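# Inside the fold
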Amino acid sequence: MTFKSLTLLIMGLSCIHTAMAEDVQIAVAANFAGPMQKIARQFQQATGHRAILSFGSTGKFYTQIKNGAPFDVLLSADTATPERLERENEAVSGSRDTYAIGKLVLWSPQSNFVDKMGQALITGRYDHIAIANPKVAPYGIAAQQTMQKLNLWWNLQSKLVQGENIGQTHQFIETGNAELGFVALSQIQGDGKMSGSYWLVPQKLYSPLAQQAVLLSKARDNAAAKAFLSFLKSTRTRDVIKSYGYDLPK
Amino acid sequence: MTPDWLPPVLLTLKLAASTTLILMCLGIPLAWWLANTHSWLKAPLNAVISLPIVLPPTVIGFYLLLLLGPKGAIGQMTQSLGLGSLAFTFYGLLLGSVFYSMPFVVQPLQNAFETIGKRPMEAAASLGASPIDCFFTVALPLARPGLWTAAVLGFAHTVGEFGVVLMIGGNIPEKTQVISIYIYEHVETLEYGQAHLLSMGLLLFSFVVLSILYAVNKRSRGVF
């Protein structure tokens, strides 16, 4: 092959590549930030499409989507928000799918602060316990349900501090300003490494934290968005999600 | 029955008033010194005071969170004094607000003192007034419009603060839930009615305060 024809071939291939590769804008619930960054890299390698990620609280994304935010896909921290978007014709009906089931933990960066039975909640000496705001964050609702089931909700009111989302809640605890708090297992498990001490809250104490992905209406014909949603169901992606401490739908 | 919005409004007013009071006490001597000194410290000090204008509140909030924590310098100091940690308390917000609103108080004061110049002070001194006498009977009265500007801007800016209180406040009703956080939560939970009520109130308040400030300053010598 001559140099010229090789150049032409490369140019031709790159044309095909750019014609097919698209961007997909994804709004991602803060608790899924860790696995998502990894999945997005693998997605780009596998398909050539580029995933552009925004992280934040599910409540904020709902408001932004209702007001014309340019997202193609929402990875919500709950099922209620995608359901609602579907009902309001902001999301493509039938595109909803559970991609992960979150797990709640009571966590402290100090070792031996939280025991494996969660007794630290009652006996521990602490001034502040951090949760995500239950009005806007599903993990905050789960934390509230847990404390209510244990009849501690009212006793702990004076010690509660609320983060805007689960990311900010993690920050309150990580910096030591709150001695402990309720976060997502994925945040402390982060790809196998673990710090401090934690109690994995039994699933019977809170309603399941099923997290759903949904294709938004404006991306109805976006090939990259559809490719991403099917990539999210691949075995490879499911392994990543599992490694961050989530359960997977059957 | 008290309306829901009253506690955050009262808390915000308390925070803004305390911040303004502290900043005027600190700011007047500081601005006076800055206006008159030739020290090499002047430039770096001016830069530090102006930092909050340039930096995003997340930077200030993030470092405050680290400083106030058990491993941070301020956290260790307050704990050894038996005060506990300042994060999630009114005093934590006050500390953040004092730093965050400082340029809005010190800069108008410094401008006012610099505008007066050295002449009136020299005249007073030649008539036998002591430096402290000069300051209270000559400089301060001449700088009055600047004093007003500084106090009003410091107060209004603290009322409007959001990022720092979000980062170190913890959204605790009657302790750290100020107006801006309260509005934010209503917007997030789609309770637009409540959000509108307070947002409109805040918009009108800011407009009226700034209008009065500009009108008054135009009539006086106008240092702002």
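Reading guide: rules and limits
Sequence order as written defines the numbering, with residues in each chain counted from 1. To label them, take the chains in the order written and letter them from A, then take the ligands in the order written and number them from 1. In view of the model being predicted, local features appear only for residues whose pLDDT reaches at least 70, and side-chain atom pairs are presented and counted only at 80 or more, with totals across whole chains, interfaces and linings using the full set of residues. To get the side-chain values, all heavy atoms of the structure are used, and hydrogens and water are removed first. What makes a salt bridge here is a side-chain nitrogen of Lys or Arg within 4 Å of a carboxyl oxygen of Asp or Glu, nothing more. Helix and strand labels come from DSSP, where a helix needs a run of H or I of at least four residues and a strand needs a run of E of at least two; each type is numbered from the N terminus. The buried label applies to any residue whose accessible area, calculated with a 1.4 Å probe on protein chains only, is under 20% of its type's maximum; exposed applies above 50%, and partly exposed to all values in between. Throughout, a contact is declared for two residues whenever any of their heavy atoms are within 4.5 Å. Using a 1.4 Å probe, buried area is obtained as the accessible area two parts lose upon being combined, added over both of them. Polar contact is the term for a pair of N or O atoms within 3.5 Å; when the atoms are in protein, one must be able to donate a hydrogen and the other to accept it, and sequence-neighboring residues count only if both atoms are side-chain atoms. UniProt positions are given in the numbering used here, feature names are shortened, and annotations may be inferred rather than shown by experiment.

### Side note on the pattern of salt bridges
Per the stated rule, a full pass over the model turns up 12 salt bridges over all chains. A salt bridge links Lys218(A) to Asp72(A); the nearest nitrogen and oxygen atoms lie 2.9 Å apart. Taken as a pair, Lys218(A) in the loop between strand E10 (209–215) and helix H9 (223–231) and Asp72(A) in the loop between helix H3 (58–66) and strand E3 (73–75) lie far apart in primary sequence, 146 residues in all. Note that Glu185(B) and Lys135(A) form a salt bridge whose closest N and O atoms lie 2.8 Å from each other. Placement of the pair is Glu185(B) in helix H10 (residues 179–188) and Lys135(A) in the loop between strand E6 (129–132) and helix H6 (138–149), with the two residues belonging to separate chains. Residue classification places Glu185(B) among the buried positions, given a relative accessible area of 9%.

### Points about the interface of chain B and chain A
Of the residues lining the interface, 20 residues belong to chain B; the matching set on chain A comes to 22 residues. The junction of chain B with chain A conceals about 1800 Å² of combined surface from both sides, 57% of it contributed by carbon and sulfur atoms. Counting the surface chain B buries against chain A, the share from its top three residues, Phe88(B), Glu188(B) and Leu190(B), is 31%. Summed over the shared surface of chain B and chain A, the result is one salt bridge. In this assembly, chain B and chain A are joined by nine residue pairs in polar contact (both at pLDDT 80 or more).

### What about the UniProt feature "transmembrane region" (unreviewed entry) in chain B?
Taken from the UniProt record, the annotation "transmembrane region" (unreviewed entry) applies to residues 12–35, 47–69, 81–103, 150–172 and 192–216 of chain B. Helix makes up 87% of residues 47–69 of chain B and strand 0%, whereas the separation of the span's terminal C-alpha atoms amounts to 26 Å.

### Side note on the UniProt feature "binding site: molybdate" (unreviewed entry) in chain A
Residues and elements named next belong to chain A. In the numbering used here, UniProt assigns the "binding site: molybdate" (unreviewed entry) feature to Thr58 and Ile166. Spanning 109 residues, the annotated positions come together in the fold, the maximum distance between their C-alpha atoms being 10.4 Å. Tracing the sequence through the fold places Thr58 in helix H3. A relative accessible area of 4% places Thr58 in the buried class. Those residues in contact with Thr58, other than ones at most four positions away along the chain, are Ala29, Ser76, Ala77, Asp78 and Thr81. Position of Ile166 relative to the elements: it lies in helix H7 (residues 166–174). The residues contacting Ile166, other than those within four sequence positions of it, are Ala30, Asn31, Ala132, Tyr139, Phe182, Val183, Ala184 and Gln187.

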